[in-house]
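Secondary and tertiary structure notes
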Amino acid sequence: MNLERDDPIGEPPLTIGANSRSPAPPPAPHPLDFDWRYDEATAKALADLVCRLGPIVTIGSPTVARLLEATGIDVTLVDRQPLQGVHHHIKCDAASFTADRNYRAALVDPPWYPAQLTTWTETAARAVGPGGTVFVSVWPSVTRPSAISELTHAFKRFSEWAEISRHTATLHYLMPQFETLARRYAATAELSTSPLIGELVRLDINTAPPVTSAGTASDEWLRFTIDNYQLAIRKRSGLGPVKMEPVASAIGWRWPYVSARAPRIDQIDLWSSDGEVATLGSSQRLIDILRQALRAPDAKGFERALIGEPALLAWSIPRPPYRRLIEWHHQQ
């Protein structure tokens, strides 16, 4: 992930207020990151659990990493989201992380899908090595019809290289803004609510798991972090008109789901942390327009820059001036 990567076409990337010596607090969770955060009591309990097992690597667990770092614990965060309020932060996707040192314990909070559970857990196990310990969150049986069989398959795989201890702790999560809004717009609860509770599993590593292919991410996304708001654009080739339109399964511009199994989710090209979604004809043209708008000195200039895309003016995008504004890329 490169925060200062130049695009071959259009305006250069934006970076404002992102280089302070003190790490900035994280922005609002974005659905593309499967970003459900521990509540305060859970984060503290997890920090207490691992604090004496260092050095520690936390993968997708920034809330705990911040607590550990604040008390002087030797901790490294691995997370692709660049603004997490942690000094020792390796900004990359978990699947591409290779341990930069010898860790003895890992805390892993992967997206609750089989591929990510397997990939993130095996990455953590290789980072801590034989004799190390991995704590990983897993989903409850009510998550989806296949939840139990998926976990059974994953645990069978993990048992080939680790001793497994179930129900180490119960995990409680905060409801992100995008889920609050999804519930408001959903016609039914199906695919629109998350359990907000999980199970912590302990793995004591006997041997390093084999390195297997993590699969190939299909698309590149450009992300704008604008103060506390996040906007993601799927990058597609072509320089035609923006052609911003609602997604067929959305309620207007609002996405009434939180599940990756939601209908027509693959049609989303523009997606905000407030659950606003759209399809696009040309992503690059919209990127150029947004960069111009975000460079405006005030709200009037911002709105003039978007005059050709009036639908976007109804979204929750903050108006300038900004405390922080950065661009970054990721694969999905």
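To keep things clear, this report deals only with the structure shown in the data block.

**Some points on the sheet that holds strand 10 (residues 229–234)**
- On the basis of which strands lie adjacent, the open sheet formed by six strands has the order 1-13-9-10-11-12 and antiparallel pairing. Each edge of the sheet is formed by a strand with only one pairing partner; in this case those strands are strand 1 (15–16) and strand 12 (277–278).
- Across two bridges, strand 11 (residues 270–272) lies against strand 12 in antiparallel orientation. From the neighbouring strand, Leu270 faces strand 12, where its bridge partner is Ala278.
- Contacts from helix 6 (residues 283–294) reach strand 9 (220–226), strand 10, strand 11 and strand 13 (325–331), with the element oriented near 15° to strand 9.

**Side note on the side chain of Thr58**
- With respect to the secondary-structure elements, Thr58 resides in strand 2 (residues 56–59).
- Look at Thr58 and you get buried, because its relative accessible area is 0%.
- Apart from residues no more than four positions distant in its own chain, Thr58 is found in contact with Ala65, Leu68, Val75, Thr76, Leu77, Val78 and Leu107.

**Details of the packing of aromatic side chains**
- Counted under the stated rule, the structure contains nine aromatic pairs.
- On the basis of an interplanar angle of 85° and a centroid distance of 5.4 Å, the ring pair of Trp112 and Tyr173 is categorised as edge-to-face. Residue Trp112 is located in the loop between strand 5 (105–108) and helix 3 (114–128), and its partner Tyr173 is located in the loop between strand 7 (162–172) and helix 5 (177–185); the two are separated by 61 residues in the primary sequence.
- Feature note: the residues Tyr38, Trp112 and Tyr173 constitute an aromatic cluster, connected by ring pairs.
- Stacked on the ring of Trp139, the Lys or Arg Arg144 has its end atom at 4.8 Å from the ring centre.

**Digging into the environment of Ala65**
- Among the secondary structure elements, Ala65 is positioned in helix 2 (residues 62–70).
- Distance from Ala65 to Pro263, taken between C-alpha atoms, is 35 Å for residues 198 residues apart in sequence.
- Residue contacts for Ala65: discarding those within four places in its chain leaves Thr58, Val75, Leu77 and Val86.

**Brief notes about the pattern of salt bridges**
- Counted according to the given criterion, the structure contains 17 salt bridges.
- Of the charged contacts in the structure, one is a salt bridge between Asp74 and Arg101, with a shortest N-O distance of 2.7 Å. Of this pair, Asp74 sits in the loop between helix 2 and strand 3 (75–78) while Arg101 is found in the loop between strand 4 (89–90) and strand 5, placing the two residues 27 residues apart along the sequence.
- Arg101 sits in the partly exposed class, given a relative accessible area of 30%.
- When the shortest N-O distance is used, the salt bridge between Arg291 and Glu327 registers 2.8 Å. Pair noted here: Arg291 is in helix 6 and Glu327 is in strand 13, with a separation of 36 residues, a long-range link.

**A look at the pairing of strand 8 (residues 197–205)**
- Alignment of strand 6 (residues 133–138) against strand 8, held across six bridges, turns out to be antiparallel. From the neighbouring strand, Phe135 faces strand 8, where its bridge partner is Arg202.
- As defined by bridge partners, strand 7 adjoins strand 8 across eight bridges and the pair is classed as antiparallel. Paired with Ser165 across the two strands is Arg202, which belongs to strand 8.

**Some points on the packing of helix 1 (residues 40–50) against helix 2**
- The geometry of helix 1 relative to helix 2 is characterised by a closest axis approach of 9 Å and an angle of 60° between their N-to-C directions. By the angle class used here, helix 1 and helix 2 are oblique. For the element pair helix 1 and helix 2, the recorded crossing hand is right-handed. Contacts between helix 1 and helix 2 involve Ala43, Lys44, Leu46, Ala47 and Val50 from the first element and Thr63, Val64, Leu67 and Leu68 from the second.
- Counted by class, the contact of helix 1 with helix 2 contains seven nonpolar, one polar and one charged residues.

**Quick notes on the nonpolar core**
- Core analysis: the biggest nonpolar cluster contains 53 residues, and Val134 and Leu203 have the highest contact counts within it.
- Among the elements that take part in this core, helix 3 stands out by supplying six residues, more than any other.
- Among all residues touching Leu203, those that are not within four sequence positions of it are Thr121, Gly132, Thr133, Val134, Val136, Phe158, Trp161, Ala162, Glu163 and Ile164.
- With 27 residues, the next largest nonpolar core counts Leu14, Tyr229, Ile233 and Leu290 among its residues.

**Things to note about unusual backbone geometry**
- Residue Gly54 is joined to Pro55 through a cis peptide bond whose omega torsion reads 0°.
- In this fold, Pro55 is placed in the loop between helix 1 and strand 2.
- A cis amide bond links Pro320 to the next residue, Pro321, at an omega of 5°.
- Mapped onto the elements of the fold, Pro321 is located in the loop between helix 8 (310–313) and strand 13.
- Phi angles above zero are rare outside glycine, and Leu191 is one such case at about 65°.
- Mapped onto the elements of the fold, Leu191 is located in the loop between helix 5 and strand 8.
- Here Arg264, not a glycine, exhibits a phi torsion of approximately 60°, which is positive.
- The topology assignment puts Arg264 in the loop between strand 10 and strand 11.

Thresholds applied
Residues numbered from 1 in each chain as written. Predicted model: local features only at pLDDT ≥ 70, side-chain atom pairs only at ≥ 80, totals over all residues. Heavy atoms only, no water. Pairing = 2+ DSSP bridges. Helix = DSSP H or I, 4+ residues; strand = E, 2+ residues; numbered from the N terminus. Contact = heavy atoms within 4.5 Å. Axes fitted to C-alpha atoms, helices over the stretch in contact; angles between N-to-C directions. Buried < 20%, exposed > 50% of the residue type's maximum accessible area, 1.4 Å probe, protein only. Phe/Tyr/Trp six-rings, centres within 6.5 Å; stacked < 30°, edge-to-face > 60°. Lys NZ or Arg CZ within 6 Å of the ring centre and 35° of its normal. Salt bridge = Lys/Arg side-chain N within 4 Å of Asp/Glu carboxyl O. Parallel < 35°, antiparallel > 145°, perpendicular 65-115°, else oblique. Left-handed = near helix turned anticlockwise from the far one by under 90°. Nonpolar A, V, L, I, M, F, W, Y, C, P; charged D, E, K, R; others polar. Core = buried A, V, L, I, M, F, W, Y, C linked by side-chain atoms within 4.5 Å.

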